[in-house]
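# Examining the three-dimensional arrangement
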Amino acid sequence: MAIPVNEQTEQLRLPFETAEGFSPRQLGGVDGVAASSREKAATRAMPKSKGKEEKAPPVTLEEVASRFRDAFQKVASNKGAPGPDKQTIDMVREHLDDLLPALEAAVLKETYAPGDIRRVWIPKGGGGQRGLGIPNVLDRVVQEAVRQVLEPLYEPTFHDQSHGFRPGRSCHTAIAQAKKHVEDGYEWLVDLDLEKFFDRVHHQRLMARLALRVKDRRILVLISRMLKAKVVLPDGVVVTTDEGVPQGGPLSPLLSNIVLDELDAELVERGHRFVRYADDCNIYVRSQRAGERVMVSVVKFIDKRLRLKVNEAKSAVARPEERHFLGFRLKANPLSGDVDVLLSKRSQDRIETRIAELTPRNWGNSLRACILQLNVYLRGWLGFFDICTANGKWTLHELDAHIRRRLRALQLKQWKRKSTIAKRFIALGVKPKTAWRTVYEGRKSLWVLSHTFTAARAMPNKYFTALGLFSLEAEWVKRTDDSIAPGQQLLLSLG
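Keep in mind the model is a prediction, meaning the values are calculated, not measured.

Note: strands within a sheet are paired through backbone hydrogen bonds, in either parallel or antiparallel orientation. The strand order across the open sheet formed by four strands is β6-β7-β3-β8, and the pairing between neighbours is antiparallel. Where the open sheet ends on each side, the last strands, each with one partner, are β6 (273–277) and β8 (316–318). The average angle at which neighbouring strand axes cross in this sheet is 20°, direction not considered. Relative to strand β7 (residues 280–285), β6 runs antiparallel, the two sharing five bridges. The residue of β7 that forms the bridge with Tyr277 is Asp280. Against the sheet, helix α12 (residues 252–270) engages β6 and β7, with an angle of about 170° to β6. On the sheet, helix α13 (residues 288–304) packs against β3 (188–193), β7 and β8 and is oriented at approximately 25° with respect to β3.

Right, here's the structure in full:
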């Protein structure tokens, strides 16, 4: 039976059996006025913010409606795809002066009904597919306005070791925090992967947590309607949703953090060191045996208390260098005590696949055009992965060599005939005898020929540098040649 959002629910105070066996008195206050002891513990654990704090806006439906124009600008800046109604951002912008007043009136009169959500499947890096939900543009405007009003209310109370979808935090700050835990001697981790988290969020528990702080019943009703919006599958079938938060709307990241903040508070109360980025959570312990105990108790808490499921196949107790976390892995040096930030195996495989896609053998344009396209990806990729420490330089060195070999094979393909390839080698400074022998000796494929000493001599590093090829290793050295490396700067910023 559904629980009305305007009634105080006992959902959060049920004496579920957990690893710690907390009593109802410990879990909640009276009539939803007093925060739970776990929320208070999490709040005390938060560091004091520096500088003058901005006053949070009133959490009312009128405040939400007043932010629609600013919310549209934010939605438009994200350049998202249209929803099921096929209305693009530009189409909505043309009639914005008529649409926003009507939308505001409907929201304030509580007659607004969110439209359907378009389901899109995208491939996941670790295999499988991830389902994204794309609401209509106006529905995204309403979600963004609600997010702008709720975020100042919840953000100051989120735990310091939660980094996903939060202002001033990123994957880099999460890796820096994890690196600090490993440096402090916590060299085993409990890697928790929540199975289909965004599809399994329990609506009643989420609404009950929102009701503890949001006192305007109309906002709760509005959010409840958003959660229950129907989903249009790629084949046109429309399905209802009884659980989950559609991943793809502006409000879903904040709602996910509100749900998992209860997990953060539990880990703080147990005294664990952890780093969480959205539904990826790593708990750092000192031994494998401790990790196995923590794994059992935390999985039990997640299952019984949060009503979520841990993916046992992707979760494990292991050394940090054996696990993929946000594209990186951490490796402790037992002699020096330093911790290296390295690329994970999945990240290496992913960039090699992408490089192969950007340098196809049947490329029909010029080599320079291929390099210009490749540079766009490499610059963005390094912008994320440049926090790798010195030992990661050798991986970048290998990637640069692999890219140059791919380009040499592409160039050989464009030269086509063996006689043309030999003549090009000679024009590039290779001795004629060496050039003819290399090309005609044996039955070499273009890929094998691209790896010969003669091809590397004819097309050395400077050959591609002259064409403007972006060098990962050279750029990484330039960026980390300051007195403090980027990874160290992140650690200093975290204190």
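After that view of the structure, there is still more to cover.
This part takes up the nonpolar core. Within the largest apolar cluster, 68 residues are counted, with the highest numbers of intra-cluster contacts made by Phe68, Val146, Leu192, Leu206, Leu210, Ile283 and Ile302. When residues no more than four places from it in sequence are discounted, the contact partners of Leu210 are Tyr154, Leu220, Ile223, Leu255 and Ile258. Within the second largest apolar cluster, 56 residues are counted, among which are Phe325, Trp381, Val430 and Phe464.

The N-to-C vectors of helix α10 (residues 203–211) and helix α11 (residues 217–227) enclose an angle of 160°; their axes lie 11 Å apart at closest approach. By the angle between their directions, the pair α10 and α11 is classed as roughly antiparallel. The interaxial crossing formed by α10 with α11 has right-handed handedness. The segment α10 lies against α11, with His203, Leu206, Met207, Leu210 and Ala211 engaging Leu220, Ile223, Ser224 and Leu227.

Regular strands have side chains that alternate between both faces of the sheet. Along β3, six of the six residues are buried, which leaves the element largely enclosed by surrounding structure. Here β3 shows a buried face lined by Trp188, Val190 and Leu192 and a second buried face lined by Leu189, Asp191 and Asp193. Relative to β7, β3 is paired through six bridges, and the arrangement is antiparallel. Looking across to β7, one finds that Asp193 is bridged to Asp280. Here three bridges tie β3 to β8, and the two strands are oriented antiparallel to one another. Of the residues in β8, the one forming a bridge with Asp191 is Ala316.

On to the confidence of the model for the protein, then. Predicted coordinates in regions of low pLDDT should not be interpreted in detail. The predicted model of the protein averages 83 in pLDDT, with 85% of residues at 70 or higher. Across residues 1–53, where pLDDT falls below 50, the model places 76 contacts with residues more than four positions away in sequence or in other chains. Contacts from residues 483–495, a stretch scored under 50 in pLDDT, to residues over four places away or in other chains number 18 contacts.

Before going further, it helps to examine the packing of aromatic side chains. A complete count under the given rule lists ten aromatic pairs for this structure. Both rings, one in Tyr463 and one in Phe464, keep their centres 5.2 Å apart while their planes meet at 85°; by these two values the pair is edge-to-face. Phe464 carries the same exposure label as Tyr463, and that label is buried. The ring centre of Tyr377 lies 5.7 Å from the NZ or CZ of Arg354, which sits over that ring.

With that settled, consider empty space enclosed by the protein. The final tally for this structure, using the stated rule, is eight cavities of 30 Å³ or more. As a volume, the second largest cavity reaches approximately 90 Å³. Those elements giving two or more residues to the lining of the second largest cavity turn out to be α11 and α12. Counting residues per element, the lining of the second largest cavity draws most heavily on α11, which supplies three residues. Taken together, the residues that form the lining of the second largest cavity break down as nine nonpolar, three polar and no charged.

Quick look at the side chain of Gln148 now. Tracing the chain through its elements places Gln148 in helix α7 (residues 137–154). Take Gln148: its relative accessible area is 16%, and that puts it in the buried class.

Taking 1.5 Å of rise per residue, 13 residues should cover 18 Å, and helix α8 (residues 171–183) covers 18 Å from first to last C-alpha, within 8% of that figure. Extensive coverage of α8 is indicated by the burial of eleven of its 13 residues. Buried residues of α8: Cys171, His172, Thr173, Ala174, Ile175, Ala176, Gln177, Ala178, Lys179, His181 and Val182, and no others. By the N-cap criterion, in which a side-chain oxygen at the helix start approaches the backbone nitrogen of a residue two or three places on, α8 is capped by Ser170, the distance to His172 being 3.2 Å. Just past α8, the residue Gly185 takes up positive phi, approximately 100°.

The rules behind each value
Residues numbered from 1 in each chain as written. Predicted model: local features only at pLDDT ≥ 70, side-chain atom pairs only at ≥ 80, totals over all residues. Heavy atoms only, no water. Pairing = 2+ DSSP bridges. Helix = DSSP H or I, 4+ residues; strand = E, 2+ residues; numbered from the N terminus. Axes fitted to C-alpha atoms, helices over the stretch in contact; angles between N-to-C directions. Contact = heavy atoms within 4.5 Å. Core = buried A, V, L, I, M, F, W, Y, C linked by side-chain atoms within 4.5 Å. Buried < 20%, exposed > 50% of the residue type's maximum accessible area, 1.4 Å probe, protein only. Parallel < 35°, antiparallel > 145°, perpendicular 65-115°, else oblique. Left-handed = near helix turned anticlockwise from the far one by under 90°. pLDDT = per-residue confidence, 0-100. Phe/Tyr/Trp six-rings, centres within 6.5 Å; stacked < 30°, edge-to-face > 60°. Lys NZ or Arg CZ within 6 Å of the ring centre and 35° of its normal. 1 Å grid on protein atoms, 1.4 Å probe; cavity = no way out; pocket = protein on both sides within 12 Å on 5 of 7 lines; lining within 4 Å. Points joined across faces, edges and corners; volume = space filled by probe spheres on them. Nonpolar A, V, L, I, M, F, W, Y, C, P; charged D, E, K, R; others polar. Expected span 1.5 Å × (residues − 1). Polar contact = N/O pair within 3.5 Å; in protein donor to acceptor, adjacent residues only side chain to side chain.

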